[in-house]
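Read off the chains here:
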Amino acid sequence: MGTSSKLGRMTKVLSMCFMIFVQVYWYKFRKKSDQEWEELWENIGKRFRKTLFELEGLLIKIGQMLSSRADLLPNAFIRQIQDLTDQVPPSNWQEIQAILETEWGGSIERHFRSIDPNAIASASIGEVYKGVLKDGRQVAIKVQRPGIQSIVQTDFRTLRMIIWFADHIAPIPKGFINFKVLFEELKEVIERELDFTQERKSLLYFKERYKDKEIVRIPNVHEKLCTPKVLVMDWMNGMKITDEQAIDRLEISRSELARRLIEVFLPQWLEPGIFHADPHPGNVLISKSGQIILLDFGMTGEISKHDAANFQGLIESLFSKNYAKAVDVLTQLDFLLPEADPRTMEKLLAEFMAFQPNQLQELDLIQLKLELNDMIQALPIQVPTRFVFLGRSFITMEGMILNLVAEEDATALLKSEFIDWLKKQGDNRWSFVWTWLQSKPLFKHLHSAAEFLTLPQRLEQLKETEQRRQFQFTIYENNKKQCFQLGMLGLIGIGGGSFSSNQLILQAGIGLTVISCAGYLIFNHKLKKWMRYMHDKRR
């Protein structure tokens, strides 16, 4: 990719983001109706999606990541990007062949009888080809796309500019999302995907983890042929879960297959260690005997011991209907913002968990999901950035399981597998019993009495936090808005002065613009300092 194409790529992305910024501020200034905001975000989503497919590269992965942030982004925008798939046209075979020969230090014929020049799969970072080794074994060859390193570095520079702009100038999203942390996490994931050595290590980790589990198959790695840009594995034949007819011909039932998927993935989400962050139907195949075939470990995440313990506590609390404990765990996991009222959240959790799956029969599931997204945005809830990939893994697997069984059956299977998993954890089973007992009336009264003793102090802290949040946020936001409006007026003055050749209007416009920009930056700096203080109070 030449300098001109790099500049064109950056210009296209930056101009799109600048137009979004101007439109959002203009709608805020004009106080547009909800219907007009809905149409705006729908149009922004369409333009965003179109740009992603035109430019490919890292941007498609960013779109996939943003599509899981219903807690931060409008539903009209999410709807346009929620079905993004990382599929792009394959590269020219001569370019792929040149990479393979460079990485292996010689011709392909030294190691292979043949390689099919037609790509089996092609994504934004890598492409997969089928080959036959000298000994006759079939293998999958994953090759890094030509020029992808340069494209990714260009996209990172562009993203850094956009995030700086969003962090310092753009309207502040709900929940004080840390753009820098989000960028660093994305950068770390993409850089890990670009180094196939890391994917090889993850594959070997999962192969060791499931070595004694007969229901799981993971391909062997041909390490002598692996490099940072090439990964060679055994070829695995399997069917996709979306292939309804093939699934119905399996030796096991749909319910048993769903149970096996839960058995394989539930421990990944609960136990400390690495989890598969991209288990879509192309990466999770099913063998004829019903074994789960796991592929593509380029996108993985990691759960700390502290978070794993809290997740276990959350599930135990929900199953035992101890919603007070569930809210406390959500707070420790940083899912609840400072202004969240624990009692209100307990009631909402109770109502949500009391919802019966059979009530969904007459409802539009897509509309229900959008309404839930609206509810999430209205509540003091935010998904911490470190859980974005965990949420992606869970939601993707949930969709695959619901493709096999009804929702009530999936819930029953999940509960059964969780309790079985819990029994294998030793002392943790007593934790579940204690959590269940706490939800009973006697323990609830004792818990309420203990909580009552600290209630005045907690109320005072909540009151102080809420007052400071509302008062300071309003002052700084109003001042920023006024400076922005004056800046727009100054720009109009500059344009009018230039057009009419009136030096007085031109100079007044320039002066007003400089003063308003300085004021905007000052109040933005003060707001950022206040936000850091509020984060400290939260921790």
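Conventions adopted
Residues numbered from 1 in each chain as written. Predicted model: local features only at pLDDT ≥ 70, side-chain atom pairs only at ≥ 80, totals over all residues. Heavy atoms only, no water. Helix = DSSP H or I, 4+ residues; strand = E, 2+ residues; numbered from the N terminus. Buried < 20%, exposed > 50% of the residue type's maximum accessible area, 1.4 Å probe, protein only. Areas by Shrake-Rupley, 256 points an atom, 1.4 Å probe, with all protein chains shown as cover. Salt bridge = Lys/Arg side-chain N within 4 Å of Asp/Glu carboxyl O. pLDDT = per-residue confidence, 0-100. Contact = heavy atoms within 4.5 Å. Patch = residues over 30% accessible without salt bridge, like charges linked within 9 Å, V, L, I, M, F, W, Y side chains within 5 Å. Polar contact = N/O pair within 3.5 Å; in protein donor to acceptor, adjacent residues only side chain to side chain. Pairing = 2+ DSSP bridges. Expected span 1.5 Å × (residues − 1).

**Remarks on the overall build of the chain**
Phase 1: Looking only at helices and strands, the chain has 20 helices and 11 strands in total.
Phase 2: By the burial criterion, 45% of the 539 residues in the chain qualify as buried.
Phase 3: Carbon and sulfur atoms provide 58% of the accessible area of the chain, an area that totals close to 28500 Å².

**Considerations on the pattern of salt bridges**
Opposite charge on two side chains lets them pair, provided their charged atoms get close.
Phase 1: Following the criterion strictly, the structure yields 17 salt bridges and no others.
Phase 2: The shortest N-O distance in the salt bridge between Asp296 and Lys142 comes to 3.2 Å. Taken together, the residues Asp296 in the loop between β10 (292-294) and β11 (300-303) and Lys142 in strand β4 (residues 138-144) connect sequence positions 154 residues apart.
Phase 3: According to the relative accessible area criterion, Lys142 is buried, its value standing at 11%.

**Brief notes about the confidence of the model for the chain**
Phase 1: With 75% of its residues at a pLDDT of at least 70, the chain reaches an overall mean of 78.
Phase 2: Of the regions scoring below 50 in pLDDT, residues 357-370 engages in 8 contacts with residues more than four places distant in sequence or in other chains.
Phase 3: Per-residue pLDDT stays below 50 along residues 442-455; that stretch engages in 9 contacts with residues further than four places along the chain or on separate chains.

**Regarding unusual backbone geometry**
Phase 1: Residues other than glycine seldom take positive phi values, yet Lys31 does so here, at roughly 55 degrees.
Phase 2: Along the polypeptide, Lys31 turns up in the loop between α1 (3-30) and α2 (34-55).
Phase 3: With a relative accessible area of 67%, Lys31 lands in the exposed category.

**So, a nonpolar patch on the surface**
Phase 1: A contiguous nonpolar surface patch, about 260 Å² in accessible area, is contributed by Phe18, Met19 and Val22.
Phase 2: Counting through the fold element by element, Val22 comes out in helix α1.

**Section: the side chain of Gln144**
Phase 1: Tracing the sequence through the fold places Gln144 in strand β4.
Phase 2: Only 2.5 Å separates the side chain of Gln144 from the backbone oxygen of Leu194, close enough to count as a polar contact.
Phase 3: Setting aside anything within four residues of it in sequence, one finds Gln144 in contact with Ile99, Ile125, Gly126, Gln149, Leu194, Phe196, Pro228 and Lys229.

**Notes on the sheet that holds strand β9 (residues 284-286)**
Phase 1: Sheet architecture is open: 4 strands sit in the order β5-β10-β9-β7, paired in mixed fashion. Edge strands, defined here as strands with exactly one partner in the open sheet, are β5 (216-217) and β7 (239-240).
Phase 2: Relative to β9, β7 runs antiparallel, the two sharing 2 bridges. Bridge assignment links Met239 to a residue of β9, and that residue is Ile286.

**Points about helix α11 (residues 305-319)**
Three or four residues apart is the spacing at which side chains of an α-helix point the same way, because the helix has 3.6 residues per turn.
Phase 1: The first and last C-alpha atoms of α11 sit 21 Å apart over 15 residues, in line with the 21 Å expected at 1.5 Å per residue.
Phase 2: Inspection of α11 places Asp307, Ala308, Asn310, Phe311, Gln312, Gly313, Leu314, Glu316, Ser317 and Leu318 among the buried residues, and these make up the whole buried set.
Phase 3: Positive phi appears at Lys321, one or two residues downstream of α11, with a value of about 60 degrees.

**Examining helix α12 (residues 323-332)**
Phase 1: All buried positions along α12 are accounted for by Tyr323, Ala324, Ala326, Val327, Val329 and Leu330.
Phase 2: A positive phi of about 70 degrees marks Asp334, the residue just after α12.

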